[in-house]
Amino acid sequence: MNWISIGDISEIPLRGARCVKTPQGKIAVFRTAENEVFAIEDHCPHKGGPLSQGIVHAKAVTCPLHNWVISLETGKALGADEGEVPTIAVRNDDGALYIALESLMMAAE
Ligand code: FES
């Protein structure tokens, strides 16, 4: 597994996100109210909206463009909408965050 350091959890606001640019595209890294961290491609499965600018609630994000709700755990659209965005494994070592880019490559295959 190829773990890439993306900084500390304190750099992401609670119920917020930051966008990380990688060779494999932009990745949205979210921090929930419970201090869990999830990473998915920063690309809404509807029309490519920037999910990192959406509103985080529970373990989901609402896309800022047309309000699709995407699960941070599965990357799947919730409710009546259908679509999916690749998820990326996150490692949290006492607040130091890493993402696994290999999982993104596998998801894209
Ligand atoms: S682009 Fe995200 S809901 Fe339309």
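Residues numbered from 1 in each chain as written. Predicted model: local features only at pLDDT ≥ 70, side-chain atom pairs only at ≥ 80, totals over all residues. Heavy atoms only, no water.

(A) Structural view of the sheet that holds strand 8 (residues 87-88). A sheet is described by the order of its strands in space; here 4 strands give the open sequence 2-3-4-8, paired in antiparallel fashion. Two strands close off the open sheet at either side, each with one partner strand: strand 2 (16-22) and strand 8. Pairing between strand 3 (residues 25-31) and strand 4 (residues 37-41): 5 bridges, direction antiparallel. The residue bridging valine 29 from the neighbouring strand is alanine 39, located in strand 4. (Pairing = 2+ DSSP bridges. Helix = DSSP H or I, 4+ residues; strand = E, 2+ residues; numbered from the N terminus.)

(B) The nonpolar core, seen in detail. Phe30, Ile40, Leu51, Val61, Ile70 and Leu72 are the most contacted members of the largest nonpolar core, which totals 15 residues. Contributions of two or more residues to this core are made by strand 3 and strand 4. The contact partners of isoleucine 70, leaving out residues within four places of it in the chain, are Ile40, Pro45, Leu51, Lys59, Ala60, Val61, Gly75, Lys76, Ala77 and Val85. By size, the runner-up hydrophobic cluster in this structure holds 12 residues, among which are Ile6, Ile9, Val37 and Ala39. (Core = buried A, V, L, I, M, F, W, Y, C linked by side-chain atoms within 4.5 Å. Buried < 20%, exposed > 50% of the residue type's maximum accessible area, 1.4 Å probe, protein only. Contact = heavy atoms within 4.5 Å.)

(C) Inspection of the pattern of salt bridges at higher detail. Taken as a whole, this structure holds 4 salt bridges when the rule is applied. Glutamate 11 is the salt-bridge partner of arginine 18, the closest N and O atoms lying 3.5 Å from each other. Salt-bridge contacts for lysine 59 lead to glutamate 36; the nearest nitrogen and oxygen are separated by 3.5 Å. One end of the pair, lysine 59, is in the loop between strand 5 (55-57) and strand 6 (60-62); the other, glutamate 36, is in the loop between strand 3 and strand 4, with 23 residues separating them in the sequence. Classification of lysine 59 as partly exposed rests on a relative accessible area of 30%. Given the relative accessible area of 29%, glutamate 36 is considered partly exposed. Connected via shared salt-bridge partners are Glu36, Lys59 and Glu73. (Salt bridge = Lys/Arg side-chain N within 4 Å of Asp/Glu carboxyl O.)

(D) The arrangement of the pairing of strand 10 (residues 96-100) in detail. For strand 1 (residues 3-8) and strand 10, the ladder comprises 5 bridges, and the chain directions are antiparallel. From the neighbouring strand, aspartate 8 faces strand 10, where its bridge partner is alanine 96. Bridge count for strand 9 (residues 90-93) against strand 10 is 4 bridges, and the pairing is antiparallel. When the sheet's bridge partners are listed, asparagine 92 is paired in strand 10 with leucine 97. What sits between the antiparallel neighbours strand 9 and strand 10 is a turn of 2 residues, in which aspartate 94 has the positive phi angle 55°.

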